[in-house]
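Chain and residue survey
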Amino acid sequence: QTTINYQADSRGLKDFYKNYFSIGVAVGRRNLTGDEATLIKKQFNSVTAENAMKMASIQPREGHFNWKEADSIVSFAVKNGIKIRGHNLCWHEQAPDWMFIDANGKQASKELLLERLKTHIDAVVGRYKGKIYAWDVVNEAIDDDDTKFLRNSKWYQICGEDFIVKAFEYAHAADPEAKLYYNDYNTERPQKRVRIYKLLKNLKDKNVPIDGVGLQAHWSIYEPSKQELIDAIQQYSSLGLKIQFTELDMSIYPWEKEKRAKKAGETDTYTPDLEQKQIAQYKMVFDTFRKYKDVITNVTFWNISDRATWLDSYPVIGRKNYPLLFDTQLQPKKAYWEVVKFKAR
Ligand code: G3I
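Here the structure is a predicted model, which means the values were calculated and not measured.

Around the ligand sit Glu50, Asn51, Glu93, Gln94, Asn139, Gln216, Glu247 and Trp310, and that is every residue in its neighbourhood. Its residues assigned to classes, the shell around the ligand shows one nonpolar, four polar and three charged.

Let us now look at the UniProt feature "active site" (unreviewed entry) in the protein. When the UniProt feature table is mapped onto this chain, "active site" (unreviewed entry) is found at Glu247. One can find Glu247 in strand E8 (residues 242-251). Setting aside chain neighbours within four positions, we find Glu247 in contact with Ala26, Gln216, Ala217, His218, Thr300 and Trp302.

It is worth spelling out the pairing of strand E2 (residues 46-49) at this point. Every regular strand shows the same layout, with side chains that alternate between the two sheet faces. By the alternation rule, side chains of E2 split into Ser46 and Thr48 and Val47 and Ala49, which are all buried. Handedness of the strand E1 (residues 22-27)-helix H2 (residues 34-43)-E2 crossover: right-handed. Pairing between E2 and strand E3 (residues 83-90): three bridges, direction parallel. Across the sheet, residue Ser46 finds its bridge partner in E3, namely Lys83.

The element strand E9 (residues 296-301) is extensively covered by neighbouring structure, given that six of its six residues are classed as buried. Judged from the four bridges that link them, E8 and E9 form a sheet pairing that is parallel. Paired with Ile243 across the two strands is Ile296, which belongs to E9.

One can expect most non-glycine residues to show negative phi and most peptide bonds to be in trans. Along the chain, Glu223 connects to Pro224 via a cis peptide bond; the corresponding omega equals 5°. Following the sequence through the fold, Pro224 ends up in the loop between strand E7 (218-220) and helix H9 (226-237). Along the chain, Tyr314 connects to Pro315 via a cis peptide bond; the corresponding omega equals -5°. Mapping Pro315 onto the fold places it in the loop between E9 and helix H11 (334-340). In this model, Gln94 sits at a positive phi of 55°, which is unusual for a non-glycine residue. Assessed through the 14 C-beta atoms surrounding it within 10 Å, Gln94 is described here as partly exposed. The backbone of Asn303 sits at a positive phi, close to 100°, despite the residue not being glycine.

So, how was this worked out
Residues numbered from 1 in each chain as written. Predicted model: local features only at pLDDT ≥ 70, side-chain atom pairs only at ≥ 80, totals over all residues. Near = placed C-beta within 6 Å. Nonpolar A, V, L, I, M, F, W, Y, C, P; charged D, E, K, R; others polar. UniProt positions renumbered as here; feature names shortened; annotations may be inferred. Helix = DSSP H or I, 4+ residues; strand = E, 2+ residues; numbered from the N terminus. Contact = placed C-beta atoms within 7 Å. Buried ≥ 20, exposed ≤ 12 C-beta atoms within 10 Å, placed from the backbone. Right-handed = clockwise from strand over helix to strand, strands pointing away. Pairing = 2+ DSSP bridges.

The structure is reproduced here in structure tokens:
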């Protein structure tokens, strides 16, 4: 389906998309050497730490900072002229237990929790000031239940909506140049979209320093639909916010069935039919992204290739998934050629 000789051609995704938006990938230290490092350098001009910059990784105990892996990702990126997205400063997962408990073993007060949040954000954003150009400041604060609004996390129980406002203010104070994002998943589902929009509008109305919204894009070959994607882009950007697709992958399984274990007889083979659906879905979303290049500033893949993806162990441990543009041998899949085959503007 293509006449381009991949090995001989020096172009990668980042080059095909240079007039549109930067193209990123989530990485860990394990990816920074060997054939994966070679692929990163050819294909991507942005990286995100998959786990290394989360609160529990950086500050596992109060005042004990662990910068090793985060630093190695930052220096790899700086050395290779790759931009860095920071992920993330405040999340209900991967938040260390000590954060929410005071010296007497009781639940921390709002004052104490916000003080700790500020200390953490000052340290992390401050350390990478001028190197990390954008941060996911608050991650996944909206409830999955369509009848609820904010997630009933420890952050919310102790601080109410204020933790979101404060996190953005602290991040802005620590690096006024960094672009600040609210990041979430299922952002194209109509009912969740309404709630996310409501939160973003609250923040804008309060003049909170927020620059954009991160749409994680943990999608599947069955969703979102083109219309859902367009509606999401249009509605969020109507607030004057930039949009980044921060964690893109395309599961070959339907998400709605994911919550339960694999049914007996259900295949986990990457059949030609599933691959065909995936090619069409990848083509649809990138065709749409290009139409909105004025508001979309980055598209990041969550992991490098089908060799190893977080979806191999979620939500069914040990069920192989094939959600990315490169195969287990790090070769471009047919979907890759669909994504780079367009008439550049
Ligand atoms: O570091 C420990 C290791 O010491 C231990 O031996 C091993 C045993 O299970 O676990 C390791 O921690 C795991 C960590 O990834 C690093 O590999 C955690 O169990 C595992 O839960 C964690 O999963 C990560 C998940 O976030 C939860 O933090 C995934 O790799 C990562 O891809 C995923 O990324 C999230 C985004 O941050 C936010 N959006 C959703 C996305 C997918 O869940």
